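Here's the letter readout for the chains.
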Amino acid sequence: LSRRALTDTVRGVYLPYWTFDAQVHASWTADSGRYYYVTVNGKREQRVEWSPAAGELDHFFDDELVAASTGVAAGLLRRLEPFPTSQLIPYDPGYLAGWTVERYQIDLVNAATRSRAIMEGKIRQLCSAEVPGDTQRNLQVQSTFSDQKFKHILVPVWLLTYTYGAKVYQVATNGVTGSIAGGRPWSWIKIVLLIIVVIIALIVFQSSKH
């Protein structure tokens, strides 16, 4: 890789993000299942006893992050998150000296839609965790959002782009926490050879047992 990759220099860039706050009240209903066991023809079988369950919960979302950049792969940015929004400071042009600053490319309406979907997914997980018993089904969640706020922020990222073969890869570092994420090429020949070696090892191991 070091010999064949065409590597750009590492550069600092400020990427735009939206953050969203919301107070959420959720009501949920579900079927709660408890396991019990019976013996059928001498064999122990697991059964489920279902009963209705319901509940409510409140949760506050503080600075839920939605990237407003399309210049860096979304999956890559998610691996760099979170950015510590508790350390945010008011905007000052002097902080941007020597840095590239990307303008936001995802507007507030689209970002708010994404944020709502993220919050609803997390609320559903919280409600699911409240269902008693060993298993569950038919979870239904009704959420009410209030006290919703947003901010437009810039976060620092160190970005490296390199080309290997015909494909471009990115490696990024969270400029606050130091978390690193990136893409890399894979050698399918080596992967196939590794799979073959593992299969042979399993065959040898099984043969040795007999």
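*Asks:* Quick question: what am I supposed to make of the nonpolar core here?
*Replies:* Across soluble globular proteins, nonpolar side chains show a tendency to be buried alongside one another. Of all hydrophobic cores here, the largest spans 20 residues; its most connected members are Phe20, Val24, Trp28, Ala111, Met119, Ile123 and Cys127. Residue assignment for this core shows that the elements contributing at least two residues are strand S2 (11-40), strand S3 (43-67), helix H2 (108-130) and strand S5 (135-164). Among the elements that make up this core, the one with the highest residue count is S2 (seven residues). When near neighbours in sequence (up to four residues on either side) are disregarded, tryptophan 28 contacts Ala53, Ala54, Gly55, Glu56, Cys127, Glu130, Val131, Pro132, Leu139, Gln140 and Val141.

*Asks:* In this structure, what is going on with the pairing of strand S6 (residues 167-174)? I would like to understand it.
*Replies:* Within a regular strand, the side chains alternate between the two sheet faces. Bridge count between S5 and S6: eight bridges; the pairing is antiparallel. Along S6, the bridge assignment pairs threonine 161 with glutamine 170. Here S5 hands over to S6 after two residues, with glycine 165 in that stretch at a positive phi of 70 degrees. Alignment of S6 against strand S7 (residues 180-182), held across three bridges, turns out to be antiparallel. Within the sheet, the bridge partner assigned to valine 171 lies in S7 and is glycine 182.

*Asks:* Could you clarify how one ought to interpret a nonpolar patch on the surface in this entry?
*Replies:* The grouping of Leu194, Val198 and Leu202 at the surface amounts to a nonpolar patch, some 280 Å² of accessible area in total. The topology assignment puts leucine 194 in helix H3 (residues 188-209). A relative accessible area of 55% means that leucine 194 is categorised as exposed.

*Asks:* For this particular structure, what's the right way to read the side chain of threonine 19?
*Replies:* Mapped onto the secondary structure, threonine 19 falls in strand S2. Assessed through its relative accessible area of 0%, threonine 19 is described here as buried. Among the polar contacts listed, one links the side chain of threonine 19 to the side chain of aspartate 63, at a separation of 3.3 Å.

*Asks:* Sorry if this is basic, but what is going on with the pattern of salt bridges here?
*Replies:* Pairs can form between side chains of opposite charge whenever their charged atoms are close. Counted by the stated rule, this structure contains four salt bridges. Between aspartate 31 and arginine 137 there is a salt bridge, with the nearest N and O atoms lying 3.1 Å from each other. Within this pair, whereas aspartate 31 is found in strand S2, its partner arginine 137 is found in strand S5, the two being separated by 106 residues in sequence. Given a relative accessible area of 38%, arginine 137 falls into the partly exposed group.

*Asks:* What is the right way to read H2 from this model?
*Replies:* Each α-helix turn comprises 3.6 residues. Residues three or four places apart therefore point the same way. In this model, H2 (23 residues) spans 33 Å end to end at C-alpha, consistent with the 33 Å of a helix rising 1.5 Å per residue. Within the sequence span of H2, burial applies to Ala111, Ser115, Met119, Ile123 and Cys127.

*Asks:* I tried to follow the confidence of the model for the chain on my own but got confused; where do I start?
*Replies:* Do not read the predicted coordinates in detail wherever pLDDT is low. On average, residues of the chain score 87 in pLDDT, and 89% of them are at 70 or above. Taken element by element, the predicted model of the chain shows its lowest mean pLDDT in strand S1 (residues 6-7) (54) and its highest in H2 (96).

*Asks:* Please clarify how the packing of aromatic side chains should be interpreted in this entry.
*Replies:* How two aromatic rings sit relative to each other is given by the distance of their centres and the angle of their planes. All told, the structure shown has five aromatic pairs when counted by the stated rule. Summarising the aromatic geometry, the rings of tyrosine 14 and tryptophan 99 are spaced 4.8 Å apart at their centres and angled 45 degrees between planes, so their arrangement reads as tilted. Of this pair, tyrosine 14 sits in strand S2 while tryptophan 99 sits in the loop between helix H1 (74-80) and strand S4 (100-101), placing them 85 residues apart in sequence. The buried category is assigned to tyrosine 14, whose relative accessible area is 14%. Relative accessible area serves as the criterion here: at 24%, tryptophan 99 is assigned to the partly exposed category. A ring pair is formed by tryptophan 18 and tyrosine 104, whose centres lie 5.3 Å apart and whose planes are at 65 degrees; its orientation type is edge-to-face.

*Asks:* Teacher, can you tell me more about the pairing of S5 here?
*Replies:* With 21 bridges connecting them, S2 and S5 associate as antiparallel partners. Bridge pairing links proline 16 to leucine 154 in S5.

*Asks:* What is the right way to read the environment of glutamate 81 from this model?
*Replies:* Along the chain, the position of glutamate 81 falls in the loop between H1 and S4. Note on glutamate 81: relative accessible area 26%, which makes it partly exposed. Distance in space between the C-alpha atoms of glutamate 81 and leucine 65 is 8.5 Å, their sequence separation being 16 residues. Apart from the residues within four sequence positions on either side, glutamate 81 is in contact with Tyr17 and Leu65.

The rules behind the values
- Residues numbered from 1 in each chain as written.
- Predicted model: local features only at pLDDT ≥ 70, side-chain atom pairs only at ≥ 80, totals over all residues.
- Heavy atoms only, no water.
- Core = buried A, V, L, I, M, F, W, Y, C linked by side-chain atoms within 4.5 Å.
- Buried < 20%, exposed > 50% of the residue type's maximum accessible area, 1.4 Å probe, protein only.
- Helix = DSSP H or I, 4+ residues; strand = E, 2+ residues; numbered from the N terminus.
- Contact = heavy atoms within 4.5 Å.
- Pairing = 2+ DSSP bridges.
- Patch = residues over 30% accessible without salt bridge, like charges linked within 9 Å, V, L, I, M, F, W, Y side chains within 5 Å.
- Areas by Shrake-Rupley, 256 points an atom, 1.4 Å probe, with all protein chains shown as cover.
- Salt bridge = Lys/Arg side-chain N within 4 Å of Asp/Glu carboxyl O.
- Polar contact = N/O pair within 3.5 Å; in protein donor to acceptor, adjacent residues only side chain to side chain.
- Expected span 1.5 Å × (residues − 1).
- pLDDT = per-residue confidence, 0-100.
- Phe/Tyr/Trp six-rings, centres within 6.5 Å; stacked < 30°, edge-to-face > 60°.

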